[in-house]
Amino acid sequence: MAYEDGVLRYDGVTWSLIELPDQQKAYWVTSNDIGEIFVGANGDFGILRPSKDQSDIIYHTLTDLLPDHYKDFNVVWEVVATSNGITFRSRKYLFQYNDGEIQAFDVPSGGARFDAAYPARESVFFRVYGLGLASLDKDGLKVLPGSEFFAEKKVNGIYAYGSDQLLVATRFEGLFLYSEKEIVQFQTEADEYLIKNKIYDGHHLSNGNYAIATMANGLIIITPQGTEVMRFDSS
């Protein structure tokens, strides 16, 4: 678990701390499908590996693989695992790690920064402030055509919808469906609740439904048709 003093580990009985270099704060921890654990931190990112005698877990930085001019990224806010590798998202750069190598990506021309990262269909999606939506996959980084609508909207979730659309959650204006042809409002039975309480995060569930968390009052679960099936709030 990411923690202000490093990474917390729980073995079923006790908690222990895995320290990062210079006691840096960890912001994100994730694992890939073979159980490797990756960490995003303040001014660093890396991988957790067993010690030589297998008695402990030790943090190893991956920033040694970067050219010096890409080391001014400040904070890695999220780490996302897909079949294409591990993506580390800072506001200034994206870093994709695969097979011991790292590829770095600058913010596309016209954009100001990368916002939160979301996996969908083996790609990682972002809002690029001032530009729109973007994706990173095996073919590289690209700006999604027709996504300028989101250039200055606070995006708090991007999820696969149907065969080729994306469900985009905005903090203040609710949910939208994006395709290259059009962007339309996605109407649900909980629109008033979502807009009033401000969307914070979410998850595309294994049964096809969507869990949408709010900043002010819990979360809801909705179907792909927009039907509310469950709500967890202060009531």
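These numbers were taken from a predicted model, which means no experiment stands behind them.

Here we come to the pattern of salt bridges. Tallied over the full model, the rule gives 10 salt bridges. Between Lys92 and Asp72 there is a salt bridge, and its shortest N-O distance comes to 2.6 Å. Here Asp72 lies in the loop between strand E7 (57-61) and strand E8 (78-82) and Lys92 lies in the loop between strand E9 (85-89) and strand E10 (93-98), a separation of 20 residues in the sequence. On the basis of relative accessible area, Asp72 is assigned to the partly exposed category, the value being 40%. Put simply, Asp115 and Arg127 hold a salt bridge, and the shortest N to O gap is 2.3 Å.

The next subject is the sheet that holds strand E22 (residues 219-222). What the 4 strands build is an open sheet, ordered E20-E21-E22-E23; its pairing is antiparallel. Each edge of the sheet is formed by a strand with only one pairing partner; in this case those strands are strand E20 (199-204) and strand E23 (228-232). Strand-to-strand, the axes of this sheet are offset by a mean angle of 15 degrees, without reference to chain direction. One ladder, built from 4 bridges, connects E22 with E23; its direction is antiparallel. Considered in E23, the bridge of Ile222 is made with Glu228.

The rules behind the values
- Residues numbered from 1 in each chain as written.
- Predicted model: local features only at pLDDT ≥ 70, side-chain atom pairs only at ≥ 80, totals over all residues.
- Heavy atoms only, no water.
- Salt bridge = Lys/Arg side-chain N within 4 Å of Asp/Glu carboxyl O.
- Helix = DSSP H or I, 4+ residues; strand = E, 2+ residues; numbered from the N terminus.
- Buried < 20%, exposed > 50% of the residue type's maximum accessible area, 1.4 Å probe, protein only.
- Pairing = 2+ DSSP bridges.
- Axes fitted to C-alpha atoms, helices over the stretch in contact; angles between N-to-C directions.

Note that all results are geometric; they support no functional claim without further evidence.
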